[in-house]
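Listed below, chain by chain, are the residues.
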Amino acid sequence: IAVSRVFRSAPMGPQDQPDFINAAAGLLTQLDARVLLRGLQGIETALGKTPSAVRWGPRLIDLDLLLYGSLASGDDELRLPHPGIHERNFVLYPLDEISPTLFVTGRGSVAELARRLGSDGLGTAD
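Here's a quick rundown of the structure. (Residues numbered from 1 in each chain as written. Predicted model: local features only at pLDDT ≥ 70, side-chain atom pairs only at ≥ 80, totals over all residues. Heavy atoms only, no water.)

A count of helices and strands for the protein gives 3 helices and 9 strands. When the helices and strands of the protein are read in sequence order from the N terminus, they spell out β-β-β-β-α-β-β-α-β-β-α-β. Relative to a compact globule of 126 residues, whose C-alpha radius of gyration would be 14 Å, the protein shows 14 Å and is just as compact. For the protein, the spread of C-alpha atoms along the three principal axes comes to 35 × 30 × 25 Å. The burial tally for the protein puts 34% of its 126 residues in the buried class. Accessible surface, the protein as shown: approximately 7,900 Å² in total, 55% of it carbon and sulfur. Distance between charge centres in the protein, computed from 12 positive and 15 negative side chains, equals 2 Å. (Helix = DSSP H or I, 4+ residues; strand = E, 2+ residues; numbered from the N terminus. Rg over C-alpha atoms; globule rule 2.2 N^0.38 Å. Buried < 20%, exposed > 50% of the residue type's maximum accessible area, 1.4 Å probe, protein only. Areas by Shrake-Rupley, 256 points an atom, 1.4 Å probe, with all protein chains shown as cover. Lys, Arg positive; Asp, Glu negative; His and termini not counted. Charge placed at Lys NZ, Arg CZ, Asp CG, Glu CD.)

For the rest of this paragraph, the subject is the sheet that holds strand 3 (residues 20-22). One open sheet accounts for 3 strands, arranged 3-2-9; its pairing is antiparallel. Two strands in the sheet have a free side with no partner beyond their single neighbour: strand 3 and strand 9 (122-124). On average, each strand axis in the sheet is tilted by 30° relative to the strand beside it, whichever way the strands run. In this sheet, strand 3 lies alongside strand 2 (residues 7-9) in antiparallel orientation, the contact comprising 3 bridges. By the bridge assignment for strand 3, F7 is matched with N22. Sheet contacts for helix 2 (residues 89-98): strand 2, strand 3 and strand 9; angle to strand 2, the most-contacted strand, approximately 170°. (Pairing = 2+ DSSP bridges. Axes fitted to C-alpha atoms, helices over the stretch in contact; angles between N-to-C directions. Contact = heavy atoms within 4.5 Å.)

In this section: the pattern of salt bridges. In this structure the tally under the stated criterion is 8 salt bridges. Among the salt bridges present, the one from K49 reaches D62, with a minimum N-O distance of 3.0 Å. Of this pair, K49 sits in the loop between helix 1 (33-46) and strand 5 (73-74) while D62 sits in the loop between helix 1 and strand 5, and the two are 13 residues apart along the sequence. Owing to a relative accessible area of 34%, D62 belongs among the partly exposed residues under this scheme. With a shortest N-O distance of 2.6 Å, R116 and E112 are connected by a salt bridge. Taken as a pair, R116 and E112 lie in helix 3 (residues 110-117) at a separation of 4 residues, close to a single helical turn. In this structure E112 comes out as partly exposed when scored by relative accessible area, which is 31%. Salt bridges here are not isolated pairs; linked through shared partners, they connect R34, R38, D75 and E77. (Salt bridge = Lys/Arg side-chain N within 4 Å of Asp/Glu carboxyl O.)

This next bit is on the environment of G48. Position of G48 relative to the elements: it lies in the loop between helix 1 and strand 5. Judged by relative accessible area, G48 falls into the partly exposed class, the value being 36%. G48 sits 69 residues away from L117 along the chain, and the two C-alpha atoms are 33 Å apart.

And the structure:
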């Protein structure tokens, strides 16, 4: 129901890789959060994503389920809100474009969190 612009950022983790390309989408779904996550993982696999030996290393695609309403989950399969969401401007700025009042449980609104972090290192990928 909503899609942000595409942003470019320096890679998180190893710096000897191309910039990251980031965007956010808001979905309206009747799928359970776990089913949705497995669907996203299926898309990644279909597009050629393979396990990497390097954490945060280069990859073709990385689809994350960041939030699912106000659902909080901390198990190994499903972690919601996504860990680190409040520390990553490359996540918050695209989210801010589509839903600035969206609330990250225990952290605050997306707009507030984005403002705190600032936009250093971000650009649009036009």
